[in-house]
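Here's the letter readout for the chains.
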Amino acid sequence: MVNVRENIARVQERIAAASRRSGRRPEDITLVAVTKTVPVEHIQEAVDCGLRDLGENRVQELLAKQPHLKGVKWHLIGHLQRNKVRQVWDRVTLIHSVDSLELAREIDKRAATAGRRVDILLEVNVAGEESKFGLTPEAVLPLVRDVAGLPGVHICGLMTVAPLVKDPEEVRPVFQRLASLRWEIDALRLPGVDMVYLSMGMTNDFEVAIEAGANMVRIGSAIFGARDYSKNAEVQ
Ligand SMILES: *Cc1c(COP(=O)(O)O)cnc(C)c1O
């Protein structure tokens, strides 16, 4: 049996220790509980433990779970197709996975028409893995300049998914690269751009990510146990 409460306590202790090692306060780090494939009743346990930020990869799964969980903020952390923007743009707190001008424009179109502004992060494929979505590091600055002028989107920082490795020390340079990109962009002081969040670190590597400057970590299996994709974890 997975003990969600105990797992959360342990994760929070590790986040606190890593934040102190990097000269920051534990409360400066936002823990996003990644709930993909997790049934609503287990997610509710996490919410009852005080977690308020939930992350989903898929639009369909997010929308299906949303009505069942009250008082929470949803983060879209997985790849977003342009044709799904309409369904989700006004139902999330933060979209972590914007990686093209076309996608940013689509979000802008929906939001600006409604007189709103959507908080987004730009996803960067720092290690250049073919299997992953995200911008190359070189493409980030030009995209920031293009997106900065769109009234319906608000760039709030950067996100990455590091390669899965045995020893998280191996991906420290990936996190450091994203952290320095954040400061480079911040120094430009572009209107409509606030480099507040650095979303990096998952179950296997979140301590190293925090040491490298992450202030938003996305953690699934350390909280809810290993995912079982063989079961249908949609809302019952
Ligand atoms: C699944 C997922 C996570 C969480 O992964 P764990 O290893 O279970 O912590 C974080 N970010 C993204 C983008 C994911 O898809």
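Structure's up top.
Here's what I pulled together on the structure shown here.

Quick notes on the rules
Residues numbered from 1 in each chain as written. Predicted model: local features only at pLDDT ≥ 70, side-chain atom pairs only at ≥ 80, totals over all residues. Heavy atoms only, no water. Near = heavy atom within 4 Å. Polar contact = N/O pair within 3.5 Å; in protein donor to acceptor, adjacent residues only side chain to side chain. Areas by Shrake-Rupley, 256 points an atom, 1.4 Å probe, with all protein chains shown as cover. Nonpolar A, V, L, I, M, F, W, Y, C, P; charged D, E, K, R; others polar. Axes fitted to C-alpha atoms, helices over the stretch in contact; angles between N-to-C directions. Helix = DSSP H or I, 4+ residues; strand = E, 2+ residues; numbered from the N terminus. Parallel < 35°, antiparallel > 145°, perpendicular 65-115°, else oblique. Left-handed = near helix turned anticlockwise from the far one by under 90°. Contact = heavy atoms within 4.5 Å. Expected span 1.5 Å × (residues − 1). Buried < 20%, exposed > 50% of the residue type's maximum accessible area, 1.4 Å probe, protein only. Pairing = 2+ DSSP bridges. Right-handed = clockwise from strand over helix to strand, strands pointing away.

Here we look at the site of the ligand
Right, so step 1: The ligand sits among 13 residues. The nearest are Lys36, Thr203, Gly220, Ser221 and Arg227.
Right, so step 2: In the environment of the ligand, an oxygen atom lies 2.9 Å from a nitrogen or oxygen atom belonging to the side chain of Asn57.
Right, so step 3: Note that a nitrogen atom of the ligand is positioned 2.9 Å from one of the side-chain N or O atoms of Arg218.
Right, so step 4: Here the ligand loses 91% of its free accessible area of 390 Å² to cover by the protein chains.
Right, so step 5: Of the residues contributing to the shell around the ligand, the split by class is six nonpolar, four polar and three charged.

A look at the packing of helix H1 (residues 4-21) against helix H2 (residues 40-48)
If you want to describe how two helices pack, look at the angle between their axes and the distance between the axes.
Right, so step 1: At a minimum axis distance of 9 Å, the contact between H1 and H2 shows a crossing angle of 50°. By the angle class used here, H1 and H2 are oblique. When you trace H1 past H2, the crossing you get is right-handed. Where H1 approaches H2, its residues Val4, Arg5 and Ile8 are matched on the opposing element by His42, Glu45, Ala46 and Asp48.
Right, so step 2: Residues that form the contact of H1 with H2 fall into these classes: three nonpolar, one polar and three charged.

A look at H1
Right, so step 1: Along its 18 residues, H1 runs 26 Å from first to last C-alpha, staying within 8% of the 26 Å computed at 1.5 Å per residue.
Right, so step 2: Those residues of H1 lying buried are Val4, Asn7, Ile8, Val11, Ile15, Ala16, Ala18 and Ser19.
Right, so step 3: Tucked into the core, H1 has its buried residues touching strand S1 (30-34), H2, helix H8 (206-211), strand S8 (216-219) and helix H9 (221-224).
Right, so step 4: Its side-chain oxygen at 3.2 Å from the backbone nitrogen of Arg5, Asn3 defines the N-terminal cap of H1.
Right, so step 5: Positive backbone phi, at 75°, marks Gly23, one or two positions downstream of H1.

Observations regarding the pairing of strand S4 (residues 94-98)
Right, so step 1: With respect to burial, S4 is a largely interior element, five of its five residues being buried.
Right, so step 2: As judged from the two bridges shared by S4 and strand S5 (residues 118-123), these two strands associate in the parallel manner. In the sheet register, Val98 faces S5, and the bridge partner there is Leu122.
Right, so step 3: The parallel pair S4 and S5, bridged by helix H5 (residues 101-113), forms a crossover whose chirality is right-handed.

Observations regarding the environment of Ala179
Right, so step 1: With respect to the helices and strands, Ala179 occurs in helix H7 (residues 172-187).
Right, so step 2: On the basis of relative accessible area, Ala179 is assigned to the buried category, the value being 9%.
Right, so step 3: Each residue touching Ala179, except ones within four places of it in the same chain, is listed here: Leu198 and Ala212.

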